[in-house]
Amino acid sequence: DEKAIWQQATDETQKKIDNDGVIYSSRGYHPLLIVQFGVLSYYEFLKTKDSTHYFKCINQIKYFKDSSKINLIFDGKGVGLPYNFNYGGLKAPWYSGMTQGYALSYLLRYRKLTGDDSVNSLIEKIAYVLLQKQEDGGTISTTKEGYTWIEEYPNSKKSQQVLNGYINGLIGLKEYHDFFPKDTLASF
């Protein structure tokens, strides 16, 4: 439930807030944790109107604006939110379709809340990575049945076609397409 997710994301024994207000864990900056915290803070602010949650939401944008934390890839056309550790046969840095999609959801909410349209280019670049083939460094694969799939763990031999990763990637892509309907790469 929502309350349990909020408690898990804000458990002070496991998570900390840096000097810029960005959440991180004992393992460092975890892109999915950051975007989940941003989205949860957004909804807490809408529900309570408590400015503490507003600032928690908008502070997460600082992670995305720090070029030392994100990766400009695909000749500058894409922004990858890197996992800087090896996992399940994946070598760092790697990019999760779940995280790229969830980031779209967060950034679109951030934009709606603040009116900051300077993030539009960032949103488009994150979507670009989401929509690239996994063999090329993106997150798109094809199932054995021939369907397109958003991979949570692209190129992993152990964790192929994880459903929650696909769903979260797809939700972010749908929200992106609704906001940028002229982007033919993202069209359904």
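Here the structure is shown first, and the text comes after it.
Report follows, based on the coordinates. All residue numbers refer to position in the chain's written sequence, counted from 1. With the structure being a predicted model, the display of local features is reserved for residues of pLDDT at least 70 and the display and counting of side-chain atom pairs for 80 or more, all residues being used for whole-chain, interface and lining totals. The side-chain quantities take in all heavy atoms of the structure and omit both hydrogens and water.

### So, the overall build of the protein chain
Stated precisely, the cut-off is as follows: The secondary structure listing takes helices from DSSP runs of H or I that are at least 4 residues long and strands from runs of E that are at least 2 residues long, numbered from the N terminus. Each residue is assigned to one of three classes by its accessible area relative to the maximum for its type, calculated with a 1.4 Å probe on protein chains only: buried under 20%, partly exposed between the two thresholds, exposed over 50%. By the convention used here, residues are in contact when the closest approach between their heavy atoms is within 4.5 Å. In this charge count, Lys and Arg are treated as positive and Asp and Glu as negative; neither His nor the chain ends contribute. The atom standing in for a charge is NZ when the residue is Lys, CZ when it is Arg, CG when it is Asp and CD when it is Glu.
When you go through the protein chain residue by residue, the secondary structure sums to seven helices and six strands. Out of the 188 residues in the protein chain, the part that is buried amounts to 49%. Relative to all contacts within the protein chain whose residues are 6 or more apart in sequence, the contacts with residues 24 or more apart total 51%. A gap of 1 Å separates the mean positions of the 22 positive and 21 negative side-chain charges of the protein chain.

### Some words on the side chain of serine 96
Just so we agree on the cut-off: In the analysis that follows, any N or O atom pair within 3.5 Å is treated as a polar contact, provided that within protein one partner can donate a hydrogen and the other can accept it, and provided that, for residues neighboring in sequence, both atoms belong to side chains.
Assignment of secondary structure puts serine 96 in the loop between β4 (78-80) and α5 (97-114). In terms of polar contacts, serine 96 uses its side chain to reach the backbone carbonyl oxygen of glutamate 152, at 2.9 Å.

### Some points on the pattern of salt bridges
Selection rule: Just to be clear on terms, a salt bridge is a Lys or Arg side-chain nitrogen sitting within 4 Å of an Asp or Glu carboxyl oxygen.
Under the criterion given, the structure shown has five salt bridges. Ionic pairing is found between lysine 174 and aspartate 178, a salt bridge with its closest N-O pair at 2.8 Å. Of the two residues, lysine 174 and aspartate 178 are both situated in helix α7 (residues 163-179); the distance of four residues between them amounts to about one turn of the helix. Look at lysine 174 and you get partly exposed, because its relative accessible area is 41%.

### Concerning the packing of aromatic side chains
Stated formally: A pair of Phe, Tyr and Trp rings is counted when the ring centres sit within 6.5 Å of each other, with Trp represented by its six-membered ring. The angle between the planes then sorts it: under 30 degrees is stacked, over 60 is edge-to-face, the rest tilted.
Evaluated as defined, the whole model comprises 18 aromatic pairs. On the basis of an interplanar angle of 35° and a centroid distance of 4.9 Å, the ring pair of tyrosine 176 and phenylalanine 180 is categorised as tilted. Just as tyrosine 176 is buried, phenylalanine 180 falls in that class too. Taken together through their ring pairs, the aromatic side chains of Tyr24, Tyr29, Tyr63, Phe64, Tyr106 and Tyr110 make up a single cluster.

### Some words on the packing of helix α3 (residues 51-59) against α5
As a reminder, the rule being used: Between the N-to-C directions of two axes lies an angle of 0 to 180 degrees, each axis being a line fitted to C-alpha atoms and, for a helix, fitted only over the stretch in contact. Should an angle fall under 35 degrees it is called roughly parallel, over 145 degrees roughly antiparallel, and 65 to 115 degrees roughly perpendicular, with every other angle called oblique. Crossing handedness: left-handed means the near helix sits turned counterclockwise from the far one by under a right angle, and right-handed means the same turn made clockwise. Think of it as three bins: nonpolar holds Ala, Val, Leu, Ile, Met, Phe, Trp, Tyr, Cys and Pro, charged holds Asp, Glu, Lys and Arg, and polar takes everything else, Gly as well.
For the pair α3 and α5, the least separation of the axes is 10 Å and the interaxial angle reads 125°. In this view, α3 runs oblique relative to α5, as classed from their interaxial angle. In terms of crossing hand, the pair formed by α3 and α5 is left-handed. Between α3, through Tyr54, Cys57 and Ile58, and α5, the contact on the second element is made entirely by Tyr106, Tyr110, Leu113 and Thr114. By residue class, the composition of the contact of α3 with α5 is six nonpolar, one polar and no charged.

### Side note on the environment of tyrosine 54
Mapped onto the secondary structure, tyrosine 54 falls in helix α3. A sequence separation of 46 residues divides tyrosine 54 from glutamine 100, and the C-alpha atoms of the two residues are 22 Å apart. Non-local contacts of tyrosine 54, meaning those with residues more than four positions away in its chain, are made with Phe45, Leu113 and Thr114.

### A short note on the nonpolar core
Keep this limit in mind: Here the nonpolar core consists of buried residues drawn from Ala, Val, Leu, Ile, Met, Phe, Trp, Tyr and Cys, with membership extended through side-chain atoms lying within 4.5 Å.
Phe64, Leu81, Tyr106, Leu107, Ile123, Ile126 and Tyr176 are the most contacted members of the largest nonpolar core, which has 42 residues in total. Looking at this core, the elements with two or more residues in it are α2 (31-48), α3, α4 (61-65), α5, α6 (120-130) and α7. Residues contacting leucine 81, with those up to four places away along its chain left out, are Pro31, Tyr63, Phe64, Ile70, Trp94, Tyr95, Thr99, Gln100, Ala103 and Ile126.

### Overview of the packing of α2 against α5
Contact geometry for α2 and α5: axes closest at 9 Å, N-to-C directions at 35°. For the pair α2 and α5, the crossing hand works out as left-handed. On α5, the residues that touch Pro31, Leu32, Val35, Gln36, Gly38, Val39, Tyr42, Tyr43 and Phe45 of α2 are Met98, Thr99, Tyr102, Ala103, Ser105, Tyr106, Arg109, Lys112 and Leu113.

### Remarks on unusual backbone geometry
With an omega of -10°, the peptide bond running from alanine 92 to proline 93 counts as cis. Counting through the fold element by element, proline 93 comes out in the loop between β4 and α5. The backbone phi angle of lysine 49 is positive, close to 60°, even though this residue is not glycine. Its location among the elements puts lysine 49 in the loop between α2 and α3. Positive phi, close to 55°, is recorded for phenylalanine 74, a residue that is not glycine. With respect to the element layout, phenylalanine 74 can be found in the loop between β3 (71-73) and β4.

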